[in-house]
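Per-entry structural report
As a plain string of letters, each chain reads:
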Amino acid sequence: MLRSKDLTGLYDTSAEEIVEILDRAAEMKALLARGKKSGKTLAGTALVTLFYENSTRTRTSFELAGKYLGAHEVNVAAASSSVQKGETLIDTGRTLDALKVDFIAMRHPLAGAPVLLAKNVSASVINAGDGMNEHPTQALLDMFTMREKLGGIKGLKVAILGDIKHSRVAKSNLFGLKKLGAEVYMYAPRTLMPAEIEKLGAHVCTSMEEAIDGADCVMGLRIQLERQKGGLFPSLSEYSRFYGVKDGMLALAAKGALVMHPGPVNRGIELTPSLIDGGNSVINEQVTNGLAVRMAVLSLLREYREKNL
Ligand code: CP
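As the structure is a prediction and not an experimental result, all values here were calculated from the model.

Definitions and cut-offs
- Here the residue index of a chain counts from 1 through its sequence in written order.
- With the structure being a predicted model, the display of local features is reserved for residues of pLDDT at least 70 and the display and counting of side-chain atom pairs for 80 or more, all residues being used for whole-chain, interface and lining totals.
- The side-chain values count all of the structure's non-hydrogen atoms but skip hydrogen atoms and water molecules.
- In this analysis an axis means a line fitted to C-alpha atoms, helices contributing only their contacting stretch, and an angle means the value between N-to-C directions, from 0 to 180 degrees.
- Secondary structure counts use DSSP, requiring at least four H or I residues in a row for a helix and at least two E residues in a row for a strand, with both numbered from the N terminus.
- Angular relationships are summarised with four words: roughly parallel below 35 degrees, roughly antiparallel beyond 145, roughly perpendicular across 65 to 115, and oblique for the angles in between.
- Note on contacts: a residue pair qualifies if any of its non-hydrogen atoms lie within 4.5 Å across the two residues.
- Only Asp, Glu, Lys and Arg are considered charged in this grouping, and only Ala, Val, Leu, Ile, Met, Phe, Trp, Tyr, Cys and Pro are considered nonpolar; every other residue, Gly among them, is considered polar.
- What marks off one domain from the next here is an automatic or database domain assignment.
- Throughout, buried area stands for the accessible area (probe radius 1.4 Å) lost by two parts on being put together, summed over both.
- Remark: nonpolar core denotes a set of buried residues (Ala, Val, Leu, Ile, Met, Phe, Trp, Tyr, Cys) joined through side-chain atoms within 4.5 Å.
- A simple rule labels every residue: compare its accessible area, found with a 1.4 Å probe on the protein chains alone, to the largest value its type can have, and call it buried under 20%, exposed over 50%, or partly exposed in between.
- Here the rule is simple: two strands pair whenever DSSP picks up at least two bridges between them.
- The predictor rates its confidence in each residue with pLDDT, a number between 0 and 100.
- The handedness criterion is simple: a crossing whose near helix is rotated anticlockwise from the far helix by less than a right angle is left-handed, and one whose near helix is rotated clockwise is right-handed.

So, on to the packing of helix H1 (residues 15-33) against helix H5 (residues 136-150). It is at 10 Å that the axes of H1 and H5 come closest, and there the two elements cross at 70°. As judged from the angle between their axes, H1 and H5 are roughly perpendicular. Touching Ile-18, Val-19, Ile-21, Leu-22, Asp-23, Ala-25, Ala-26 and Lys-29 of H1 are Leu-140, Met-143, Phe-144, Arg-147 and Glu-148, all from H5. Tallied by class, the residues present in the contact of H1 with H5 amount to 9 nonpolar, no polar and 4 charged.

Below, the structure written as structure tokens:
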């Protein structure tokens, strides 16, 4: 049983809750493998996807997760909503509450926006990415993929490489992986490494080789050009040359290491095309697992709502 009506981040989610979500996701994945796309778990509920930033994977998988479990599902694109007329986030949330919405999956450019919304609405708020803060369902699908492919999370060495400063994926993975007993090694240009991230449990490496050496998972991160204020690295080609993961580097990792990326990938910048498309890559499976994970989160939140609200 989850402990809250909302899922706003993995910093505040216990190891037991994470395992419960991953176990439920495995059940959902088994249903999907049998072609079951018309469940009744969420029958009689309504899900709104409220996205103030672009998305392909997250929004689509939340929408499909809701539909496959029998919810009524509606998308509110901020660009065409009353947000453009000056409505505040809280008033938007209260409007959705007045429409008897049960779940709001929200992406927002500002860190903390999902927590603010969650405190002001009756609906369950699921953070689909808030600024540079957290992206909990992405980290859950990453952990699900690691657990499925490698048999468990405890004791894994996970190398996270690239634009860590701007990455909500890196932070949610750090919180979740540490709780399940993995070790997280990070490497980035100094300008793209958050200050004092080691205090949150990361090992900060001084070279890419140190991060990848013996790693079970090699996770590249997208260069977030939209969050760059400029001047943090000289050019994309220079970034790719010095900080992109090259084919030969996989030889340093553990045998059978997973190549991961949350997407969307800037091909040839963060990872070479042959790593993206190669035999160690699980990038497409991460997307598939995202659907099962979001189905799991919605079904567990529904159980919480039925028992507690
Ligand atoms: N990984 C991820 O959040 O992708 P989208 O931006 O396409 O949702």
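There's plenty left to go through after this.
Domain parsing of the protein yields domain 1 (15-134 + 287-308) and domain 2 (136-282). Taking only C-alpha atoms into account, the centre of domain 1 sits 26 Å from that of domain 2. Contacts between the two partners involve 28 residues from domain 1 and, on the opposite side, 24 residues from domain 2. Both sides of the domain 1 and domain 2 interface together cover about 2,200 Å² of buried area, and 62% of this is carbon and sulfur. For domain 1, the biggest contributors to the area lost against domain 2 are Leu-22, Met-132 and Glu-134; these three give 30% of the whole.

Counting residues in hydrophobic clusters, the biggest one holds 65 residues, and the most contacted among them are Leu-140, Met-143, Met-146, Ile-160, Ile-164 and Met-186. Looking at which element gives the most residues to this core, the answer is helix H10 (residues 283-308), with 9 residues. No fewer than three residues from each of domain 1 (15-134 + 287-308) and domain 2 (136-282) sit in this core. Not counting chain neighbours up to four residues away, the residues in contact with Leu-140 comprise Leu-7, Leu-10, Ile-18, Ile-21, Leu-22, Val-293 and Val-297. Core analysis: the next-biggest nonpolar cluster, separate from the first, contains 20 residues, Met-208, Val-218, Leu-275 and Ile-276 among them.

Right, let's talk about the sheet that holds strand E1 (residues 46-51) for a bit. Strand order in the open sheet made by the 4 strands is E2-E1-E3-E4, with parallel pairing throughout. The sheet is open, and its two borders are formed by strand E2 (72-77) and strand E4 (124-130), each paired with just one other strand. The mean inter-strand angle of the sheet, taken between neighbouring strand axes irrespective of direction, is 15°. In this sheet, E2 lies alongside E1 in parallel orientation, the contact comprising 6 bridges. The residue of E2 that forms the bridge with Leu-47 is Glu-73.

Turning our eyes to something else, we now look at the confidence of the model for the protein. Averaged over every residue, the pLDDT of the protein is 95; the share at 70 or more is 99%. Within the protein, the element-level pLDDT minimum falls on helix H8 (residues 236-243), averaging 88, and the maximum on H5, averaging 99.

Before going further, it helps to examine the sheet that holds strand E7 (residues 203-204). Read across the sheet, 5 strands follow the order E7-E6-E5-E8-E9 without closing on themselves; strand pairing throughout is parallel. Bordering the open sheet on either side are E7 and strand E9 (258-260), each of which pairs with just one other strand. Of the pairings in the sheet, the one linking strand E5 (residues 157-161) to strand E8 (residues 217-220) comprises 4 bridges and is parallel in character. Following the sheet pairing, Val-158 is matched in E8 by Cys-217. Each of E5, E8 and E9 is contacted by H5, which is oriented at about 165° to E9, the strand it contacts most.

The next thing to look at is the packing of H1 against H10. The geometry of H1 relative to H10 is characterised by a closest axis approach of 7 Å and an angle of 120° between their N-to-C directions. Here H1 lies oblique to H10, going by the angle between them. For the pair H1 and H10, the sense of crossing is right-handed. The residues of H10 that touch H1, namely those facing Glu-20, Ile-21, Arg-24, Ala-25, Met-28, Lys-29 and Leu-32, are Asn-289, Leu-291, Ala-292, Val-293, Met-295, Ala-296, Val-297, Ser-299, Leu-300 and Glu-303. The class makeup of the residues in the contact of H1 with H10 is 11 nonpolar, 2 polar and 4 charged.

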